[in-house]
Amino acid sequence: MADKELKQLIETNAKTIQAMLDDMADTREERQELREGMIQLQKAVEKLTQVQEGILKILLSGDGDRPTILKKLSDIENKLDQLLQGNKD
């Protein structure tokens, strides 16, 4: 092999190796970004779970008042029925 060919081969190999190293660095960077994104997603899911638990607690506490509210609504409905029937007579 001539010196010129050897130099070209070395240059080509050097460029190939550099491209591979650059690609590996990019891949590492992408993986780090994915890890950070997964951590953010995990935190968001945790917050969403807390919000859902809070909503469930609110709904459950509201269920305790439901019989009272339904009774009051029923009383109002009965009074309206009586008033409407009184107007018909």
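Residues numbered from 1 in each chain as written. Predicted model: local features only at pLDDT ≥ 70, side-chain atom pairs only at ≥ 80, totals over all residues. Heavy atoms only, no water.

A. Layout of the overall build of the chain. A count of helices and strands for the chain gives one helix and zero strands. Since a compact globule built from 89 residues should have a radius of gyration of about 12 Å, the 37 Å found for the chain marks it as more spread out than a globular shape. Dimensions of the chain, computed from the C-alpha atoms along their principal axes, are close to 120 × 30 × 10 Å. Counting only residues that meet the buried cut, the chain has 0% of its 89 residues in that class. Looking at the chain as shown, the accessible area adds up to about 8700 Å², and 59% of this sits on carbon and sulfur atoms. A distance of 4 Å separates the average location of the 14 positive side-chain charges in the chain from that of its 18 negative side-chain charges. (Helix = DSSP H or I, 4+ residues; strand = E, 2+ residues; numbered from the N terminus. Rg over C-alpha atoms; globule rule 2.2 N^0.38 Å. Buried < 20%, exposed > 50% of the residue type's maximum accessible area, 1.4 Å probe, protein only. Areas by Shrake-Rupley, 256 points an atom, 1.4 Å probe, with all protein chains shown as cover. Lys, Arg positive; Asp, Glu negative; His and termini not counted. Charge placed at Lys NZ, Arg CZ, Asp CG, Glu CD.)

B. Highlighting the pattern of salt bridges. According to the stated counting rule, one finds one salt bridge in the structure shown. With a shortest N-O distance of 3.4 Å, K71 and D75 are connected by a salt bridge. Here K71 pairs with D75, and both are found in helix α1 (residues 3-88), just four residues apart, close to one helical turn. (Salt bridge = Lys/Arg side-chain N within 4 Å of Asp/Glu carboxyl O.)

C. Spotlight on a nonpolar patch on the surface. A cluster of nonpolar residues, I69, L70, L73, I76, L80 and L83, forms a patch on the protein surface that exposes about 600 Å² of accessible area. Here L80 shows up in helix α1. (Patch = residues over 30% accessible without salt bridge, like charges linked within 9 Å, V, L, I, M, F, W, Y side chains within 5 Å.)

D. Highlighting the environment of R28. If you trace the backbone, R28 turns up in helix α1. The class for R28 is partly exposed, based on a relative accessible area of 49%. Along the chain, R28 and E77 lie 49 residues apart, while their C-alpha atoms are 69 Å from each other.

Interpretation note: all reported values are geometric properties and have no functional meaning in isolation.
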